[in-house]
Amino acid sequence: MTTAQSPVDLDVQPTPLALLLLGREADPRSERGVECPGDLPSPSDPDLVERARAAKEKLGDKVFVLGHHYQRDEVIQFADVTGDSFKLARDAAARPDAEYIVFCGVHFMAESADILTTDDQKVVLPDLAAGCSMADMATADQVAECWDVLTEAGIAEQVVPVSYMNSSADIKAFTGKHGGTICTSSNAKRALEWAFEQGEPDSTKVLFLPDQHLGRNTAVRDMGFSLDDCVVYNPHKPNGGLTAEQLRDAKMILWRGHCSVHGRFSLESVADVRARIPGVNVLVHPECTHEVVAAADHVGSTEHIIKTLEAAPAGSKWAIGTELNLVRRLANRFAAEDKEIVFLDKTVCFCSTMNRIDLPHLVWTLESLAEGKLVNRIEVDRETERFAKLALERMLALP
């Protein structure tokens, strides 16, 4: 588990209550948990930009700011590096001289950074309320209960857990303890191939946590499994809603979790954009549902999406199924190259938790650090860190 704490010789302050602003207008079409306010707030007060610059300049090399691709532009402008969650965690580990790692992302990302950085470095999340609905869909107690169900079914020894990077430190630690590995959306196929090599080919199974869609899409689309090889374990039902026979027959035991933003894209979205924009290329993230992935022209991770658009010819048209901040940034970036880039769905939808990291939170964080006040530290306990790091190291060792 993690805590937000710091050494006793520093003045530690929690996020001011006034900054914990909740979103509104929940979107009934999403699978669960996403909020679509329709658009972002107006640009922040210009004074905040100057305050952020001044505080960051005062901190100098003591601070290293990481910006996830889904962050809004007003925050990204202060990032020393940008990327997906794992790239940013590795970037932080490559900067051992930085005393403070300010992670502009969500909670599980900051945990991963703390696991991979030195004990002397302090990882800070500007808003402790910036969680991840997907990561929250698999708790340590639920996964332990699932393992008991697999044990009772007589198959636990045949099961290798593979957990998506988008999971809590507790889940990564569970994975490490039980001989499994972590994966990203870029290397999920390699991770699954590795997992199935850990036992007998005909009997080995994978418990894939916590995103059912990435697990299903990788197994079926990339590895040739059938949909019948996959079952979904629902932690809210007795025995996961599955019989012992279903568990024994399955090759992929998928946890019932998903990304609330990617889960909102539908076949209707794909059909609509094809009708509106003749010749459009549909490019989606593998966290989308299987039917959307099957209907798309191209599928890949965030980094793959960026590289695909970089290599796309001038005049090409693209509908992107991923978080809107990134899509907008890419549309602006490639407009001069005459590449038309649109959001796959007509309804504006941001990652509501990622957008909690706004400029007011970042300014408060940087100014507090500049004054010697350590705020919102993310610290993974030693036991959890040990096993979570083991699972991450297995991923790093993948060919």
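Residues numbered from 1 in each chain as written. Predicted model: local features only at pLDDT ≥ 70, side-chain atom pairs only at ≥ 80, totals over all residues. Heavy atoms only, no water.

> I'm lost on the side chain of Thr 322 in this one. Help?
For Thr 322, the position within the fold is in the loop between strand 13 (317–321) and helix 13 (324–334). At 3.1 Å, the side chain of Thr 322 forms a polar contact with the side chain of Tyr 70. (Helix = DSSP H or I, 4+ residues; strand = E, 2+ residues; numbered from the N terminus. Polar contact = N/O pair within 3.5 Å; in protein donor to acceptor, adjacent residues only side chain to side chain.)

> Please clarify how unusual backbone geometry should be interpreted in this entry.
Across the chain, the bulk of peptide bonds are trans and the bulk of non-glycine residues have phi less than zero. Residue Pro 210 follows Leu 209 across a cis peptide bond; omega there is -20°. Positionally, Pro 210 belongs in the loop between strand 8 (205–209) and helix 8 (212–222). Even without a glycine there, the phi angle at Asn 239 is positive, about 55°. Checked against the element boundaries, Asn 239 lands in the loop between strand 9 (230–233) and helix 9 (244–249). By relative accessible area, Asn 239 is classed as partly exposed at 39%. (Buried < 20%, exposed > 50% of the residue type's maximum accessible area, 1.4 Å probe, protein only.)

> I keep staring at the pairing of strand 2 (residues 63–68) and nothing clicks. Help me out?
Successive residues of a regular strand alternate their side chains across the two faces of the sheet. Counting buried positions over the 6 residues of strand 2 gives 6, a clear majority of the element. Residues of strand 2 alternate between two faces, with Val 63, Val 65 and Gly 67 on one and Phe 64, Leu 66 and His 68 on the opposite face, all of them buried.

> Mind showing me how you'd approach helix 15 (residues 382–396) here?
One full turn of an α-helix is made of 3.6 residues, so residues set three or four places apart face in the same direction. A rise of 1.5 Å per residue sets the reference length of helix 15, with its 15 residues, at 21 Å; its end C-alpha atoms lie 20 Å apart and thus fit the reference within 8%. For helix 15, the N-terminal cap is Asp 381; the gap from its side-chain oxygen to the backbone nitrogen of Glu 383 is 3.2 Å. (Expected span 1.5 Å × (residues − 1).)

> Which parts of the structure should I look at to understand the sheet that holds strand 11 (residues 281–284)?
Sheets are built from strands that pair by backbone hydrogen bonding, the pairs being arranged parallel or antiparallel. The strand order across the open sheet formed by 4 strands is 12-11-13-14, and the pairing between neighbours is parallel. The open sheet has two free edges, formed respectively by strand 12 (298–299) and strand 14 (340–343), since each of these has just one partner strand. In the sheet, strand 13 pairs with strand 14 via 4 bridges, with the strands oriented parallel. Its bridge partner being in strand 14, Trp 318 is matched across the sheet by Ile 341. (Pairing = 2+ DSSP bridges.)

> What should I look at first to understand helix 3 (residues 85–93) in this one?
Every buried residue of helix 3 is listed here: Ser 85, Phe 86, Leu 88, Ala 89, Asp 91 and Ala 92. On its buried side, helix 3 packs onto strand 2, strand 3 (81–83), strand 4 (100–104), helix 4 (107–116) and helix 15. (Contact = heavy atoms within 4.5 Å.)

> Before we go on, may I ask you to explain the sheet that holds strand 9 in this structure?
Strand order in this open sheet of 5 strands is 7-6-8-10-9, and the pairing throughout is parallel. With partners counted over all chains shown, the strands left at the sheet margins are strand 7 (181–183) and strand 9, one partner each. Averaged over all neighbouring strand pairs, the angle between strand axes comes to 25°, with direction disregarded. As paired elements, strand 8 and strand 10 (residues 252–255) share 3 bridges and run parallel to each other. When the bridges of strand 10 are listed, Leu 207 appears paired with Ile 253. (Axes fitted to C-alpha atoms, helices over the stretch in contact; angles between N-to-C directions.)

> How do you make sense of the pattern of salt bridges when you look at a structure like this?
Once their charged atoms are close, side chains differing in charge can pair, the charge on each being opposite to the other. Applying the stated criterion across every chain, the model contains 17 salt bridges. Taking the shortest distance from any N to any O, the salt bridge between Arg 53 and Glu 50 comes out at 3.0 Å. With Arg 53 and Glu 50 both in helix 1 (residues 46–59) and 3 residues apart, this pair spans about one turn of that helix. Residue classification places Glu 50 among the partly exposed positions, given a relative accessible area of 48%. A salt bridge links Arg 333 to Glu 310; the nearest nitrogen and oxygen atoms lie 2.7 Å apart. On the criterion of sequence distance, the pair formed by Arg 333 in helix 13 and Glu 310 in helix 12 (residues 302–311) is long-range, its members being 23 residues apart. For Arg 333, a relative accessible area of 45% gives the class partly exposed. Under the relative-accessibility criterion, Glu 310 is labelled partly exposed at 38%. Each of Lys 62, Glu 99 and Lys 122 takes part in one network of salt bridges that share partners. (Salt bridge = Lys/Arg side-chain N within 4 Å of Asp/Glu carboxyl O.)

> What should I look at first to understand the packing of aromatic side chains in this one?
Aromatic ring pairs are described here by two measures, namely the spacing of the ring centres and the angle between the planes. This model, assessed by the stated rule, comprises 4 aromatic pairs. Between the aromatic rings of Trp 147 and Phe 174, the centroid separation amounts to 5.6 Å while the plane-to-plane angle is 80°, which identifies the pairing as edge-to-face. Of this pair, Trp 147 sits in helix 5 (residues 140–152) while Phe 174 is found in helix 6 (residues 169–177), placing the two residues 27 residues apart along the sequence. For the pair formed by Trp 147 and Phe 174, the shared burial category is buried. With a centroid separation of 5.3 Å and 25° between ring planes, the pair formed by Tyr 233 and Trp 255 is classed as stacked. (Phe/Tyr/Trp six-rings, centres within 6.5 Å; stacked < 30°, edge-to-face > 60°.)

> Before we go on, may I ask you to explain the environment of Leu 326 in this structure?
Mapped onto the fold, Leu 326 is located in helix 13. Separated by 254 residues in the primary sequence, Leu 326 and Arg 72 have C-alpha atoms spaced 8.2 Å apart. Beyond its immediate stretch of four places on either side in the chain, Leu 326 contacts His 69, Tyr 70, Thr 302 and Ile 306.

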